[in-house]
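If you want the building blocks of each chain, they are given just below.
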Amino acid sequence: MTSSSSFSQDSQHFAHSYAEGLRADALMEEDVAWSHEIDGERDGDQFDRSERAALRRVAGLSTELEDVTEVEYRQLRLERVVLVGVWTSGTVQDAENSLAELAALAETAGALVLDGVIQRRDKPDAATYIGSGKAEELRDIVLESGADTVICDGELSPGQLIHLEDVVKVKVIDRTALILDIFAQHAKSREGKAQVALAQMQYMLPRLRGWGQSLSRQMGGGKGGGLATRGPGETKIETDRRRIREKMAKMRREIAEMKTGREIKRQERKRHKVPSVAIAGYTNAGKSSLLNRLTGAGVLVENALFATLDPTVRRAETPGGRLYTLADTVGFVRHLPHHLVEAFRSTMEEVGESDLILHVVDGSHPNPDEQLAAVREVIRDVGATDVPEIVVINKADAADPLMLQRLMRIEKRSIAVSARTGQGIAELLALIDNELPRPSVEIEALVPYTHGKLVARAHTEGEVISEEHTPEGTLLKARVHEELAADLAPYLPAPTA
């Protein structure tokens, strides 16, 4: 979320340098050390976001007579927000859970949540989202609490944003803008930054507003030319829209070029017959923790929403020695903005192109069924409904046993694990080994030692059942793909008469 206009220039510079690396509750701490309250809730061995983002002093480089070891930290003023939601269906508990998730998103973006209100309506008001009377009540709450921003739990039209701002007299943003802002803070790779920028421009384009100085940049020409200026020409806001469209076209070309590199790597894995597994799930369900536990990848893990955006692909091995790739994907959330689904389609294709999906769900969440439904909706959007799925119920050590039993009864292909303690990981690896597609041809061949590459290919591309070294060569019994079976055909035993 951008800084308030009342910030000083120094405070804005400080916030830009540090806000991405620290959680809201640690912004004011001079020494962000490990603490049980903050770090004890995280899963598995991990790298701390604050450790990654912090500036590190290098001893011995100072030219001062004495090193300055203490730094004065200025007071940062976080944006103070009030949340507002419209309850149109479901129970009041569902509405409160949705607003609680919005509060977590606001905290992740670096805001201080002061209050939250819910309005019961059949549908959102077309003008002010919550109705003119409730908008005035919201204005009183904003004045009383001293908030400078209102966040709405839904995607508002440009007209709703303008009208609600006119009433409450402070900045109004919606759920989509908030998620886009979090993505902008957390994207680190070139592809991730480009995808977020494209989604932000798609969201911004219909919401551009003039501020009283939308004068003509180009004069319109009449039929006769000369002094004929019948049309107003291209106004400032039209110029801005044209420039945004040009930037969007350029960004799409860049993303397409980066997508080509991803496809080449994917085709290379397919050429070598390496199965792929994609980890998908709700944000903060523990996907990166699971990847670290299964592969030792060392991917950033944090108890925050959308802590990991950039997809990570790591090599892994089943207990039986079969190689496969494990891909960590971007987390999903209820009402994930369609701009992000479109912009991140190239990275979400890792899910659609995989041989198996590990659908990770937070077993300790009060409503895991909604998480499952939200993720499956996005999986349908990227066309991955035909890919086999295993539901991995994570955080089993902190979950209610009755909730675990209910989930495992509903989800037939499911397993309960804890990425933090390692509970159920061995069973999950065995399940992955059983579910991955197996080579179709079983052969037994005596491979000469001069053709050891074929034995190596059997290990990497197939499944070796037994291997024995004889004076004539390697007696290999394995299950392999048709292409490798054809290469091994000359070394098959001769049929007996």
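Values in this document were obtained by computation on a predicted structure and should not be read as measured data.

Description of the packing of helix α13 (residues 368-381) against helix α14 (residues 401-410)
Interaxial distance between α13 and α14 falls to 11 Å at its minimum, and their mutual angle equals 35°. From α13, P368, D369 and L372 reach across to α14, where they touch M403, R406, L407 and I410. The class makeup of the residues in the contact of α13 with α14 is five nonpolar, no polar and two charged.

Let's talk about helix α16 (residues 452-461)
Listed in full, the buried residues belonging to α16 are L454, V455, A458 and E461. End-on, the buried residues of α16 take up no more than an arc of 150°, which puts them together on one face. Close packing links the buried residues of α16 with β13 (441-447), β14 (463-469), β15 (474-480) and α17 (482-488).

Here's the deal with the confidence of the model for the chain
Overall, the predicted model of the chain reaches an average pLDDT of 75, with 73% of residues at or above 70. Per-element confidence in the chain is highest for strand β12 (residues 414-416), whose mean pLDDT is 93, and lowest for helix α1 (residues 9-18), whose mean pLDDT is 43. Confidence drops under pLDDT 50 across residues 1-47; counting only partners more than four residues distant or on other chains, this segment forms 82 contacts. Below pLDDT 50 for its whole length, residues 52-57 participates in nine contacts with residues either more than four positions away or in separate chains.

What to know about the packing of helix α5 (residues 132-145) against helix α6 (residues 158-168)
Put simply, α5 and α6 touch, their axes get as near as 8 Å, and they point 50° apart. What the angle tells us is that α5 and α6 run oblique. When the axes of α5 and α6 are compared, the crossing they make is right-handed. Contacts from A135, E136, L138 and R139 of α5 reach α6 at L164, V167 and V168. Here the residues of the contact of α5 with α6 are counted per class, giving five nonpolar, no polar and two charged.

Considerations on the sheet that holds strand β7 (residues 276-281)
If you walk across this open sheet you meet the six strands as β8-β9-β7-β10-β11-β12, and the pairing is mixed. Edge positions in the sheet fall to β8 (312-317) and β12, since each has one partner strand and no second. On average, adjacent strands in this sheet sit at an angle of 25° to one another, irrespective of strand direction. Two elements, β7 and strand β9 (residues 323-328), share four bridges in a ladder whose sense is parallel. Across the sheet, A278 pairs through a bridge with A327, a residue of β9. The sheet strands contacting α14 are β11 (389-394) and β12, and the helix crosses β12 at an angle near 160°. Of the strands in this sheet, β7, β9, β10 (356-362), β11 and β12 are in contact with helix α15 (residues 425-435), which crosses β10 at around 150°.

As for α15
Taken together, the buried positions of α15 are I425, L428, L429, I432 and D433. All buried residues of α15 project into a common sector of 140° when viewed along the axis, lining one side. Pointing more than 90 degrees away from the buried face of α15 are the exposed residues A426 and N434. Next to the buried residues of α15 lie β7, α10 (287-295), β9, β10, β11 and β12.

Quick notes on the nonpolar core
L178, L290, L358, V392 and L428 are the most contacted members of the largest nonpolar core, which totals 78 residues. Take this core: its biggest share by element is six residues, from helix α7 (residues 175-186). Residues A445, V447, L484 and A485 belong to the second largest nonpolar core, which totals 13 residues.

Some points on the sheet that holds β14
Across the sheet, three strands lie side by side as β13-β15-β14; this open sheet has antiparallel pairing. Taken across any chain shown, the strands that pair with only one partner, and hence form the sheet edges, are β13 and β14. Strand-to-strand, the axes of this sheet are offset by a mean angle of 10°, without reference to chain direction. The pairing of β13 with β15 spans seven bridges and is classified as antiparallel.

Examining the packing of aromatic side chains
The geometry of an aromatic ring pair is captured by the separation of the ring centres together with the interplanar angle, meaning the angle of the planes. By the definition in use, this model includes zero aromatic pairs. For the cation-ring pair, R120 lies above W87, with the distance from its terminal atom to the ring centre recorded as 4.3 Å.

Concerning the pattern of salt bridges
This model, assessed by the stated rule, comprises 15 salt bridges. Ionic pairing is found between K134 and E137, a salt bridge with its closest N-O pair at 3.5 Å. A residue pair is termed a helical-turn pair when its members lie 3 or 4 positions apart in one helix, as K134 and E137 do in helix α5 at three residues. Given a relative accessible area of 35%, K134 falls into the partly exposed group. The partner of E435 in a salt bridge is R413, and the shortest N-O contact between them spans 3.0 Å. Of this pair, E435 sits in helix α15 while R413 sits in the loop between α14 and β12, placing them 22 residues apart in sequence. Judged by relative accessible area, which is 26%, E435 ranks as partly exposed.

Let's talk about a positive patch on the surface
On the surface, R243, K247, K250 and R253 cluster together into a patch of positive charge. Take R243: it is sitting in helix α9 (residues 236-271).

The rules behind these values
Each chain has its residues counted from 1, running along the sequence as written. It should be noted that, the model being predicted, local features are given only for residues of pLDDT at least 70 and side-chain atom pairs only at 80 or more, the latter also being counted only at that level, while totals for whole chains, interfaces and linings use all residues. Excluding hydrogens and water, the side-chain figures rest on all heavy atoms present in the structure. Structural elements are reduced to axes, namely lines fitted to C-alpha atoms, with helices fitted over the stretch in contact, and the angle between N-to-C directions of any two is expressed from 0 to 180 degrees. For helices the rule is a DSSP run of H or I covering at least 4 residues; for strands it is a run of E covering at least 2, with both sets numbered from the N terminus onward. Two residues qualify as a contact provided that any one of their heavy atoms is within 4.5 Å of a heavy atom in the partner residue. Note on residue classes: Ala, Val, Leu, Ile, Met, Phe, Trp, Tyr, Cys and Pro are nonpolar, Asp, Glu, Lys and Arg are charged, and everything else, Gly too, is polar. Partly exposed describes any residue whose relative accessible area lies between the buried limit of under 20% and the exposed limit of over 50%, with all areas from a 1.4 Å probe on protein chains only and scaled to the type maximum. As used here, the arc is the angular range of directions from the helix axis to the C-beta atoms. Across the chain, each position has a pLDDT score giving the predictor's confidence in that residue, from 0 to 100. Roughly parallel means an angle under 35 degrees; roughly antiparallel, over 145; roughly perpendicular, 65 to 115; everything else is oblique. Here a crossing is taken to be left-handed if its near helix is turned anticlockwise relative to the far helix by less than a right angle, and right-handed if that turn runs clockwise. In this description, strands pair whenever DSSP reports at least two bridges between them. Take the buried residues of types Ala, Val, Leu, Ile, Met, Phe, Trp, Tyr and Cys, join any two whose side-chain atoms come within 4.5 Å, and each joined set is a nonpolar core. Note on aromatic contacts: the rings of Phe and Tyr and the six-membered ring of Trp form a pair at centre separations within 6.5 Å, being stacked when their planes are under 30 degrees apart, edge-to-face when over 60 apart, and tilted otherwise. As a reminder, the over-ring test applies to NZ of lysine and CZ of arginine, requiring each to be within 6 Å of the ring centre and within 35 degrees of the ring normal. Counted as salt bridges are all cases of a side-chain nitrogen of Lys or Arg within 4 Å of a carboxyl oxygen of Asp or Glu. What makes a patch is a set of residues exposed beyond 30% relative accessible area and free of salt bridges, joined within 9 Å when like-charged and within 5 Å when nonpolar (Val, Leu, Ile, Met, Phe, Trp, Tyr). Only the protein chains shown count as cover for residues, and all accessible areas are computed by the Shrake-Rupley method using a 1.4 Å probe. Within this scheme the basic residues Lys and Arg register as positive and the acidic residues Asp and Glu register as negative, but His and the chain ends are omitted. Positions of charges follow a simple convention, taking NZ of Lys, CZ of Arg, CG of Asp or CD of Glu.

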